[in-house]
Amino acid sequence: MNPSRYAGLFLPILLIFCLAMPVTGNTAQRLGAKKHHVLLLNSYAKGYAWTDNVVRGVEDTLGTRQDVVLKVDYMDTKVNNTEFYYRLLKMLFAVKYSGKNLDVIISSDDDALKFLMQYRDTLFPGVPVVFCGANNFTPAKVKGFSNFTGVNEQADFATTLALMFKLHPKTRTVYVINDQMTTAGLLKKEFMEAAGVYQEFIDFPMIDNIDMAGLVQKVSRLPQDSLVFYLSFFKDNTGASFTPMEVIPLLAKASPVPIYGTVDYMLGLGIVGGMLKSSYYQGEIAGKLALEVLAGTPVSDIPVVLKSPNQYMFDYTQLVVRGISPRDLPQGSIIINEPETFYYKYKRLIWTITAVVLGLIGFIVILLFNIKKRIRAQKGLQTIINATSSIVDYNSLENFRQELATQLTQLLPVSRDMLLFNHGEPEDDQVDIRFPSPASNVDESLFKEMPETAAQIILDALKQEKCTIQRKSGVAFFKSRHLPGNLILLKGKRGMDDLDRDLLEIFASNLAMSIDNIEKHKIEKSLETARQIQMSMLPKHFSSFSEKNQVDLHAFLAAAKEVGGDLYDFFNVDEDHLCFVVGDVSDKGVPAALFMAMAKSLIRSAAENNTHPDQIIAKANNGLSRDNEQSMFVTVFLGIFKRSTRELAYTSAGHNPPYIVSPTGTVTQVKPTPGLVLGGFEGMPYTSETLTLEPGDGLFVYSDGITEAMNRNQEQYGEARLEAALARMPDSSAQALNAHVLDDLNAFVDGASQSDDITMLFVRV
């Protein structure tokens, strides 16, 4: 037959029909706005599931752009795929798109790509082409063609087979359903290459020369140790044509074993699923590539996406029918037809709410525990305050022993059997710790019977120069030498905790300061007691601490009144972590000193085996905020230095930003995320930040009593003068640098009265 005889007859009818068809697209245009025109040319007809999904993927990508006009056209090559038909389409498109200025053409599937490779330069000269659905694409396919890019389409049989055998380990046979069309032959070859690694122990018989009725009957009789893999079945051996929407439901209904497939449009028809070629993602990626072209990127700079955008996809209905648990599927799998029960639909929300409720219950339990500790702390502090006056009025060692036993048994769960010692104040260059001497003959005799573990606890207290608690034993360490017994060995009635240790330390400090106040007779007893509470709680062992931890540390505090509200502290959290604290209480005098003591103790307690500054600050804030009837607060900067990595973690609770002083003279202000002051509100969040200190760097932390100090002209010292003072002695010792800052400050104020506490801590690492 000569096709040219019928061209004159068919062409006018075809042109009228196609020109009358509406062209879909986002045609809403704004006056005066520049529009980009994109043509999506599909190989197949509208209504074909694969094609419809490609169109949807492109439309979802381009549809949000008001400057893009998308036109969708269909070649319908599954009906006619001859060269004559291609020439007719060429003539049709030449008329249909005459005078249309296209910016990009997107082709869907191989026939549209083949058509554009043959006629693009004639119909659409120079227009860039973005293809998708190009089966098993290789760069050689478009060699010699300019302005072509796109995304590859390739089945991942190997991944699906591996998943099948993982889900069905007893499988011995996989029946492969296929037809005898040209495309089916290519699919068969590609599938058998992937199945080759399994053929020693699994059979892969082909069912490809059979009619539809025979196919359904054969599938219905498959053994339980087999599976079905659906490749393609568009025609049976009688020549009858079928679509997947017709074939797969029949097979799924008849088959006693699971059926797996290759393409996403098969999902929901009866296959379980697998690593499926996704027509939607093909269209989505093609749309994104088209946007790159429209943005001005040269096509030559846009490589072809060779990795096919396949996706694990499954049908929940088939998973249930075939007894496959969704938990056994690969993470990130897409599952369709999931049930709409309330639990299944909101399972994640339900579990989230459950976790939150359980977390709140845990928080309430912790809160109740902390409230109980808070009450204990308050009662203990009151006991300490009341105990001082009775103990300091002793008239003999025995009277002192009895009064001390009475007060300590009220404060702590300890017995009245106490062993008293006297220690001397250690010298700076003293290396060995001297064991204290018993306070009396009674203590001497008891000392000879003392267990070795008790001796070690006493040595630890002397080494640390503070009170120590270890389970049912403890040591009250008094820094004062005016007591008849300034180191007391205690026997607990039960295990003692951190709060007991803190209360004991406050008790020892308070009592020692009270005795010193009486001995010195310098100021009124209550003020001196409060000042000693503050000062004795501040560590002074700079040399031993620096030597032990291979740092150079020095701190200084000068109260504006007899007692002040500033504080500093430094201690080892563990062998590798050092903690540095500087704080400033909102008030002055005795209340501020007590509040400062409470803050320091709570911070120390919270830092026990804890290297997270934000957690320490948050815990201390909760303790200070409860029952804070005076509405006092304290600003705090807390840093934890990890010696092994030189990393400084820090948190600021409304405190002045510190400085990093390098040995070269560079002074850099650290700007932490500001947090709320301690004692304001419970449950406030705090932020922990980190920086790394170079060898020789120093951290300078201070209170606002330095920068806000005024001279006689009411001028403030300010940050600029402080930075200049730090820069003048960048490589000096910590003590020398602090002394220089203090001298510079005193020279500036020129005798003006001190209005606020002055605190500074410098540590060089």
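Rules used throughout
- Residues numbered from 1 in each chain as written.
- Predicted model: local features only at pLDDT ≥ 70, side-chain atom pairs only at ≥ 80, totals over all residues.
- Heavy atoms only, no water.
- Axes fitted to C-alpha atoms, helices over the stretch in contact; angles between N-to-C directions.
- Helix = DSSP H or I, 4+ residues; strand = E, 2+ residues; numbered from the N terminus.
- Parallel < 35°, antiparallel > 145°, perpendicular 65-115°, else oblique.
- Left-handed = near helix turned anticlockwise from the far one by under 90°.
- Contact = heavy atoms within 4.5 Å.
- Nonpolar A, V, L, I, M, F, W, Y, C, P; charged D, E, K, R; others polar.
- Pairing = 2+ DSSP bridges.
- Phe/Tyr/Trp six-rings, centres within 6.5 Å; stacked < 30°, edge-to-face > 60°.
- Lys NZ or Arg CZ within 6 Å of the ring centre and 35° of its normal.
- Buried < 20%, exposed > 50% of the residue type's maximum accessible area, 1.4 Å probe, protein only.
- Arc of directions from axis to C-beta.
- Right-handed = clockwise from strand over helix to strand, strands pointing away.
- Salt bridge = Lys/Arg side-chain N within 4 Å of Asp/Glu carboxyl O.
- Expected span 1.5 Å × (residues − 1).
- Patch = residues over 30% accessible without salt bridge, like charges linked within 9 Å, V, L, I, M, F, W, Y side chains within 5 Å.
- Areas by Shrake-Rupley, 256 points an atom, 1.4 Å probe, with all protein chains shown as cover.
- Disulfide = S-S within 2.5 Å.

### Things to note about the packing of helix α19 (residues 589-606) against helix α20 (residues 613-625)
Across the interface, α19 lies against α20 with an axial gap of 9 Å and an inter-helix angle of 140 degrees. As far as their axial angle goes, α20 and α19 are oblique. α19 and α20 meet at a crossing whose hand is right-handed. Contacts from Phe595, Met598, Ala599, Leu602, Ile603 and Ala606 in α19 reach Ile616, Lys619, Ala620, Gly623 and Leu624 in α20. Tallied by class, the residues present in the contact of α19 with α20 amount to nine nonpolar, one polar and one charged.

### Comments concerning the environment of glutamine 378
Tracing the backbone shows glutamine 378 in helix α12 (residues 347-391). Sequence-wise, glutamine 378 and glutamine 224 are 154 residues apart; in three dimensions their C-alpha atoms are separated by 75 Å.

### Observations concerning the sheet that holds strand β1 (residues 36-42)
The five strands are arranged β2-β1-β3-β4-β5 in an open sheet whose pairing can be described as parallel. Strands at the two margins of the open sheet, each flanked by one partner only, are β2 (68-74) and β5 (148-153). Direction aside, neighbouring strands of the sheet carry axes that sit 15 degrees apart on average. Here seven bridges tie β1 to β2, and the two strands are oriented parallel to one another. The residue of β2 that forms the bridge with valine 38 is leucine 70. Sheet strands touched by helix α4 (residues 109-123): β1, β3 (104-108), β4 (129-135) and β5. Its angle to β4, the strand with the most contacts, is close to 140 degrees.

### Overview of the side chain of serine 232
Along the chain, the position of serine 232 falls in the loop between β8 (226-230) and α8 (244-254). Setting aside anything within four residues of it in sequence, one finds serine 232 in contact with Ile177, Asn178, Asp179 and Leu187.

### As for the packing of aromatic side chains
The way to describe two aromatic rings as a pair is by their centre distance and the angle between their planes. Inspection of the entire model under this criterion finds 30 aromatic pairs. Relative to phenylalanine 435, the ring of phenylalanine 421 has its centre 6.0 Å away and its plane inclined at 90 degrees; by these criteria the two rings are edge-to-face. One end of the pair, phenylalanine 421, is in strand β13 (residues 419-422); the other, phenylalanine 435, is in the loop between β13 and β14 (437-438), and 14 residues separate them in sequence. One aromatic cluster in this structure is built from Tyr86, Phe93, Tyr97, Phe115, Tyr119 and Phe124. It is lysine 78 that lies over the ring of tyrosine 44; its NZ or CZ is 4.6 Å from the centre.

### Brief notes about α8
Pro244, Val247, Ile248, Leu251 and Ala252 are the residues of α8 that are buried. Here the buried residues of α8 occupy an arc of 120 degrees about the axis, which is enough to place them on one side. For α8, the secondary structure elements touched by its buried residues are β6 (173-177), α7 (212-220), β8 and β9 (259-260).

### What about the pairing of β8?
Burial analysis of β8 places five of its five residues in the buried class, the great majority of the element. As paired elements, β6 and β8 share five bridges and run parallel to each other. Paired with valine 176 across the strands is phenylalanine 229, a residue of β8. Here β8 pairs with β9 via two bridges, running parallel. Its bridge partner being in β9, valine 228 is matched across the sheet by isoleucine 259. Handedness of the crossover is the feature at issue here: the chain leaves β8, passes through α8, returns alongside β9, and the resulting connection is right-handed.

### Here we look at the pattern of salt bridges
Under the definition given, this model contains 16 salt bridges. Ionic pairing is found between glutamate 153 and lysine 277, a salt bridge with its closest N-O pair at 2.7 Å. Here glutamate 153, found in strand β5, pairs with lysine 277, found in the loop between β10 (273-276) and α9 (279-294); they are 124 residues apart in sequence, far enough to count as distant. Through salt bridges with shared partners, one network takes in Glu398, Arg401 and Asp443.

### A closer look at helix α3 (residues 83-96)
Here α3 spans 20 Å end to end across 14 residues, near enough to the 20 Å set by a 1.5 Å rise per residue. Listed as buried for α3 are Tyr85, Tyr86, Leu88, Leu89, Leu92, Phe93 and Lys96. Along the axis of α3, the buried residues cluster in a sector spanning 160 degrees; they form a single face.

### Let's talk about the side chain of threonine 707
Within the element layout of this structure, threonine 707 appears in helix α21 (residues 704-707). Judged by its relative accessible area of 8%, threonine 707 falls in the buried class. Not counting residues up to four positions away in its chain, the partners in contact with threonine 707 are Asn656, Tyr702, Gln716, Tyr717, Gly718, Glu719 and Leu722.

### Looking at the sheet that holds strand β7 (residues 206-207)
With parallel pairing, four strands are arranged side by side in an open sheet as β7-β6-β8-β9. In this open sheet, the two strands that pair with only one neighbour each are β7 and β9. Where helix α5 (residues 157-167) meets the sheet, its contacts fall on β6, β8 and β9, and the angle it forms with β8 comes to roughly 155 degrees. Those strands touched by α8 are β6, β8 and β9, and its axis lies near 175 degrees from that of β8.

### Observations regarding a nonpolar patch on the surface
On the surface, a cluster of nonpolar side chains totalling about 780 Å² of accessible area is made up of Phe342, Tyr346, Leu349, Ile353, Val357, Leu358, Ile361 and Val365. When residues of the nonpolar patch are assigned to their parent elements, the largest contribution, six residues, is made by α12. Examined against the element boundaries, leucine 358 turns out to sit in helix α12.

### What to know about the pairing of strand β21 (residues 634-642)
Most of β21 is tucked away: eight of the nine residues are buried. Here β21 pairs with strand β22 (residues 647-653) via six bridges, running antiparallel. Each residue of the ladder has a partner; that of phenylalanine 641, found in β22, is leucine 648. In textbook terms, the turn of a hairpin is the stretch between consecutive antiparallel strands, and for β21 and β22 this stretch comprises four residues, one of which, arginine 646, has a positive phi near 65 degrees.

### Concerning the state of the cysteines
Applying the stated criterion to the full structure yields zero disulfides. Looking at cysteine 579, it has no disulfide partner, and the nearest cysteine sulfur is the one in cysteine 467, 19 Å off.

These results come straight from atomic positions and should not be treated as a statement about function.
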